[in-house]
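Coordinate inspection notes
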Amino acid sequence: MDDLLATARVVALPMRVRFRGITVREALVLRGPEGWTEFSPFVEYDDAEAAAWLRATIDFGWTPRRPAADSVPVNATVPAIAAADVPDLLRRYPGCTTAKVKVAEPGTGIEDDVARVAAVRRAMGEDAAVRVDANGLWSLDDATRALERLAPFRLQYAEQPVASVADLAALRSRVAGLGVLIAADESVRKAADPLAVARAGAADVLVVKAQPLGGVTAARAVIAEAGLPCVVSSALDTSVGLGMGAFLAAAAMAPSYAAGLGTGVMLTGDVTADPLVPVDGRIAVRRVEADTALLERWAAAPDRTAWWEARLRRVHALLTAR
């Protein structure tokens, strides 16, 4: 704990648009022997779920790593915004030829989703890869109807359209004739058994995130055992956490897919003067150096810093007990 707390800094980074229900992303970053690393489980996660994120923090900060590539392709991320706002948002992702579009947002309907996906297809052209992500919010029947509506836009895949592994398997069978692949995210990163999806034949693609799976080392083991193509994505990380994801993507991703690691453009601030944001549709694979001035500028309020430090102590105690 002394090593972890010695350099720990808590930041609160404003977001350009509401995403995942939040407008400010809090994170704790610290420096290990191999460089800066990140601990940023979402605030609603309990300590048991946050333990994997701390394993990832330690794995990245204390493990020497050589990048398997100089850079990786990334997708644009389109929140549940109005279709008319899509072209302006996509300009923040120069060179990206893949887009992930949020659908099934509470308070919106399938007509909004269809209009948003159609706007992305128009803006990016027929050769672009377009994905949708429902975060498990559709029922099996709603997902079936929605993908029937969205399939004409030639989706690359639908990410976590339903919540359970059983429903993923059933939906995959239902939509097989539509040519829509099924990707699993929450059913991998939030599951007690991240390989259950692969064993059940419930997905064509795995969406993996370095922190929730316990770090680069643990995530690579899951990917290898699952035997399915994977897409490495972010958890709204700072550029420090995106660097962790980039190392994983370079080592483990299928070459035909773009990683979901371009989310740095969704933040109006970051912990580094040289953030990991898309350039020509790619981000660099490198460790990010936090900037002292920016850590001060975006420092969380004292009560929030105390909350994160107390959380770090509790989660560390859980890992020690295990």
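Let us now look at the nonpolar core. Ranked by internal contacts, the top residues of the largest apolar core, which has 113 residues, are Phe-39, Val-117, Trp-138, Leu-147 and Leu-261. The biggest single contributor to this core is helix H10 (residues 239-252), with eight residues. Non-local contacts of Val-117, meaning those with residues more than four positions away in its chain, are made with Val-101, Val-103, Val-130, Val-132, Leu-150, Phe-153 and Leu-155.

Between its terminal C-alpha atoms helix H4 (residues 110-124) stretches 21 Å, which fits the 21 Å expected from 15 residues at 1.5 Å a residue. Every buried residue of H4 is listed here: Asp-113, Val-114, Arg-116, Val-117, Ala-118, Ala-119, Val-120 and Arg-121. The inward-facing, buried residues of H4 abut strand E5 (76-78), helix H3 (86-90), strand E6 (98-102), strand E7 (129-133), helix H5 (140-150) and strand E8 (155-159). Following H4 by one or two positions, Gly-125 adopts a phi angle in the positive range, close to 95°.

Right, let's get into the side chain of Glu-186. Along the chain, Glu-186 turns up in helix H7 (residues 186-189). For Glu-186, a relative accessible area of 16% translates into the label buried. Contacts of Glu-186, omitting those with residues within four sequence positions, involve Asn-135, Gln-160 and Ala-191.

Bringing the environment of Arg-286 into the picture now. Structurally, the position occupied by Arg-286 is in the loop between strand E12 (282-284) and helix H11 (292-297). If sequence neighbours within four positions are ignored, Arg-286 has contacts with Gly-243, Phe-247, Asp-274, Pro-275 and Leu-276. Among the polar contacts listed, one links the side chain of Arg-286 to the backbone oxygen of Asp-274, at a separation of 2.8 Å.

On to the packing of aromatic side chains, then. For any pair of aromatic rings, the description rests on two quantities: the centre-to-centre distance and the angle between the ring planes. What the rule picks out here adds up to seven aromatic pairs. Relative to Trp-308, the ring of Phe-39 lies with its centre 6.1 Å away and its plane at 90°, an arrangement referred to as edge-to-face. Residue Phe-39 is located in strand E3 (residues 35-39), and its partner Trp-308 is located in helix H12 (residues 302-321); the two are separated by 269 residues in the primary sequence. The exposure classification of Phe-39 matches that of Trp-308, with both residues buried. Between Tyr-45 and Trp-53 the ring centres are 5.9 Å apart and the planes differ by 65°, which places this aromatic pair in the edge-to-face class. Neither residue differs from the other here; Tyr-45 and Trp-53 are each classed as buried. Clustering of aromatic rings is evident, with ring pairs tying together Phe-39, Trp-307 and Trp-308. Over the ring of Phe-247 we find Arg-287; its NZ or CZ atom is 5.8 Å from the centre of that ring.

With that settled, the discussion passes to the environment of Thr-57. Locating Thr-57 in the fold gives a position in helix H2 (residues 47-62). Residues Thr-57 and Gly-32, 25 residues apart in the sequence, show an inter-C-alpha distance of 9.0 Å. With near-sequence residues (within four places) excluded, Thr-57 lies in contact with Leu-30, Thr-37, Glu-38, Phe-39, Trp-62 and Gln-211.

In this model H2 runs 22 Å from its N-terminal to its C-terminal C-alpha over 16 residues, within 8% of the 22 Å that 1.5 Å per residue would give. Along H2, the residues that are buried comprise Asp-47, Ala-50, Ala-51, Ala-52, Trp-53, Leu-54, Ala-56, Thr-57, Asp-59, Phe-60 and Gly-61. Buried residues along H2 sit in contact with helix H1 (2-6), strand E2 (22-32), E3, helix H9 (216-226), H10 and H12. With a side-chain oxygen positioned 3.2 Å from the backbone nitrogen of Ala-48, the residue opening H2 is Asp-46.

Parameters at a glance
Residue positions are given per chain, counted from 1 along the sequence in the order it is written. Where totals are concerned, whole chains, interfaces and linings use all residues; where local detail is concerned, this predicted model gives features only for residues with pLDDT of at least 70, and gives and counts side-chain atom pairs only at 80 or more. The basis for the side-chain values is all heavy atoms of the structure; hydrogens and waters are excluded. Definition used in this section: a nonpolar core is a set of buried Ala, Val, Leu, Ile, Met, Phe, Trp, Tyr and Cys residues joined via side-chain atoms within 4.5 Å. Each residue's exposure class comes from its accessible area (1.4 Å probe, protein chains only) as a fraction of the maximum for that residue type: buried when under 20%, exposed when over 50%, partly exposed otherwise. Only DSSP runs of H or I reaching four residues or more are called helices, and only runs of E reaching two or more are called strands; each is numbered from the N terminus. In what follows, residue pairs with any heavy atoms lying within 4.5 Å of each other are defined as contacts. Multiply 1.5 Å by the residue count of a helix minus one, and that product is the helix's expected span. Whenever two N or O atoms come within 3.5 Å, that pair is a polar contact, provided that in protein one can donate a hydrogen and the other can accept it, and provided that, for residues adjacent in sequence, both atoms are side-chain atoms. Two aromatic rings from Phe, Tyr or Trp, using only the six-membered ring of Trp, form a pair when their centres are within 6.5 Å; if the ring planes differ by under 30 degrees the pair is stacked, by over 60 it is edge-to-face, and anything between is tilted. Ring-over charges, as used throughout, are those where CZ of Arg or NZ of Lys falls within 6 Å of the ring centre and within 35 degrees of the ring normal.

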